Amino acid sequence: MSHGSTLGSICGPVTGGSGADGIRHEAFLYQGDAGFLSATRDFVLAGLAVDEAVLVAVTQPRIRQLRAALGRAAQRVSFLDMAELGRNPARVIPAWQDFLDLGVERGRLVRGIGEPTWLARSGPERRESMLHEALLNEAFAAPPAWRLRCLYDVGRIGPALVDEIWRTHPAVVEGGLGRISSRYRPPGSAVASPGPDPLAEALPDLGVPRVEFAFGPRDLGHVRAEVIRVALAWGLGAERTGEFELAVHEVATNSVHHGGGHGAVRLWTDDACLICEVRDGGRLYDRLAGRRRPDLSLGGGRGLWLVNQLCDLVQLRSTRVGTTVRMYMYV
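Here's what I pulled together on the structure shown here. All of these numbers come straight from a predicted model, not from anything done at the bench.

**Topic: the sheet that holds strand β12 (residues 322-330)**
Taking strand neighbours across the sheet as the criterion, the five strands line up as β8-β9-β10-β12-β11 in an open arrangement whose pairing is antiparallel. Two strands lie at the open edges of the sheet, namely β8 (211-215) and β11 (313-319), each paired on one side alone. For this sheet, the mean angle separating the axes of adjacent strands, direction not counted, is 15°. Sheet topology places β8 next to strand β9 (residues 263-269); five bridges connect them, and they run antiparallel. Looking at the pairing, Ala214 lines up with Ala264 of β9. Sitting on the sheet, helix α8 (residues 238-258) touches β8, β9, β10 (273-280) and β12, and the angle it makes with β12 is about 180°.

**Some thoughts on the packing of aromatic side chains**
Enumeration according to the criterion identifies three aromatic pairs in this entry. Measuring from ring centre to ring centre gives 5.1 Å for Phe140 and Trp146, while their planes differ by 80°; the resulting arrangement is edge-to-face. When its relative accessible area of 3% is taken as the criterion, Phe140 is described as buried. A network of ring pairs unites the aromatic residues Trp96, Phe140 and Trp146 as a single cluster. It is Arg62 that lies over the ring of Phe36; its NZ or CZ is 4.7 Å from the centre.

**Let's talk about the sheet that holds strand β7 (residues 177-180)**
If you trace the seven strands from one edge of the open sheet to the other, you get β3-β2-β4-β5-β1-β6-β7, paired in mixed fashion. The open sheet has two edge strands, β3 (78-81) and β7, and neither has a second partner. Adjacent strand axes in the sheet meet at a mean angle of 20°, parallel and antiparallel pairs treated alike. Summarising the sheet, strand β1 (residues 23-30) and strand β6 (residues 171-174) pair through four bridges and their orientation is parallel. Bridging across to β6, Glu26 finds its partner in Ala171. On top of the sheet, helix α4 (residues 92-105) reaches β2 (53-58), β3, β4 (110-114) and β5 (146-153); it is set at about 160° to β4, its chief contact.

**Comments concerning the pattern of salt bridges**
One pass over the full model with this rule turns up 27 salt bridges. A salt bridge links Arg224 to Glu245, with the nearest nitrogen and oxygen atoms 2.8 Å apart. Residue Arg224 is located in helix α7 (residues 220-234), and its partner Glu245 is located in helix α8; the two are separated by 21 residues in the primary sequence. Exposure remark for Glu245: the relative accessible area of 15% places this residue in the buried category. Among the charged side chains, a salt-bridge network with shared partners connects Arg127, Glu128, Glu164, Glu201 and Arg317.

**A closer look at unusual backbone geometry**
Most peptide bonds are trans, and most residues other than glycine sit at a negative phi. The amide bond that connects Pro143 to the next residue, Pro144, takes the cis arrangement and shows omega of 10°. Inspection of the secondary structure assignment puts Pro144 in the loop between α5 (123-139) and β5. Look at Asp51: it is not a glycine, yet its phi comes out positive at around 60°. The residue Asp51 is located in the loop between α1 (32-49) and β2 in this model.

**Side note on the layout of surface pockets**
By volume, the largest pocket is sized at about 550 Å³. Surrounding the largest pocket, 27 residues form its lining, Asn254, His258, Leu284, Ala289 and Leu304 being those nearest its centre. Put simply, the parts of the chain that give the lining of the largest pocket at least two residues each are α8, β10, α9 (303-310) and β12. Ranked by the residues each element gives to the lining of the largest pocket, the list is headed by α8, at five residues.

**Structural notes on empty space enclosed by the protein**
Per the stated rule, a full pass over the model turns up two cavities of 30 Å³ or more. The calculated volume of the largest cavity comes to roughly 110 Å³. Taken together, 13 residues form the lining of the largest cavity, with Ala90, Ala289, Arg291, Asn308 and Leu316 sitting closest to its centre. Contributions of two or more residues to the lining of the largest cavity are made by α9 and β11. Looking at the second largest cavity, its volume works out to about 50 Å³. When residues in the lining of the second largest cavity are grouped by element, the largest group, three residues, is from α5. Grouping the constituent residues of the lining of the second largest cavity by class yields seven nonpolar, two polar and two charged.

Cut-offs used in this document
Residues numbered from 1 in each chain as written. Predicted model: local features only at pLDDT ≥ 70, side-chain atom pairs only at ≥ 80, totals over all residues. Heavy atoms only, no water. Pairing = 2+ DSSP bridges. Helix = DSSP H or I, 4+ residues; strand = E, 2+ residues; numbered from the N terminus. Axes fitted to C-alpha atoms, helices over the stretch in contact; angles between N-to-C directions. Contact = heavy atoms within 4.5 Å. Phe/Tyr/Trp six-rings, centres within 6.5 Å; stacked < 30°, edge-to-face > 60°. Buried < 20%, exposed > 50% of the residue type's maximum accessible area, 1.4 Å probe, protein only. Lys NZ or Arg CZ within 6 Å of the ring centre and 35° of its normal. Salt bridge = Lys/Arg side-chain N within 4 Å of Asp/Glu carboxyl O. 1 Å grid on protein atoms, 1.4 Å probe; cavity = no way out; pocket = protein on both sides within 12 Å on 5 of 7 lines; lining within 4 Å. Points joined across faces, edges and corners; volume = space filled by probe spheres on them. Nonpolar A, V, L, I, M, F, W, Y, C, P; charged D, E, K, R; others polar.

Treat this as a map of the structure, not an account of what it does.
As structure tokens, this is what we get:
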């Protein structure tokens, strides 16, 4: 089966995390409505012309715009609202995996379009979106082959984010010209990284916490009680408080079982968000922990997955000196 290509002129072969063996991961830098359609319409139609399964994950206004441009062809395209799916970017890799698995089951090649960040995104959400982009290359380094185009409106993002785009995508289309990124490092490369490992970077300082305490194996009940007390006092509501309590309990339990037997909890509140951080002395070696749908036939491995489903945003960092999980719940 042949592939239609709308990538543009590429200066050299696309290699590393992008090609016949796994994901072909490219970024497309555009500006405004016209630029969005130039990045999407022909790319979608090229896939449909060779009977590929196509999934577009963008915000609702962009979905409406692309549907109108595609006309009747839009009926053959799957759409997901990225503002809902990707509010916590850790949920996006499983969605792509599900669609890819369905394509393989039906004997079809797959291509997708995603827009991981947009103007209304908060700073932590943007940071996690770029971490997600880096981890995509690791999650889909092996067969089957498929193609993913990630969109970025350069009129609405800063230069620091543009630099991250070049670090996390093997190929970047800018000004209609596709280029290989010299700053990209394929997963497992022995070449020194062009930048810090995003899973090992320090999280921003949030100031003095509202609550801070250490815990051990006998203190898990106290952890849950404090989370409930702060969440209800802040006005989270009974149902959401229960979800947040469960998420924090899962992380604290992991600290007891896998993080040296103890940890520390910190809680912050502001007008829009409740944040709980759990820190311990363990190290997480599975870089995709919580981003793969768990095997329900196994007894464990569901904790971080559950946390990502319950919380609006999760930031996970791990180094030789310890692991930090920061969980967000919005009003």
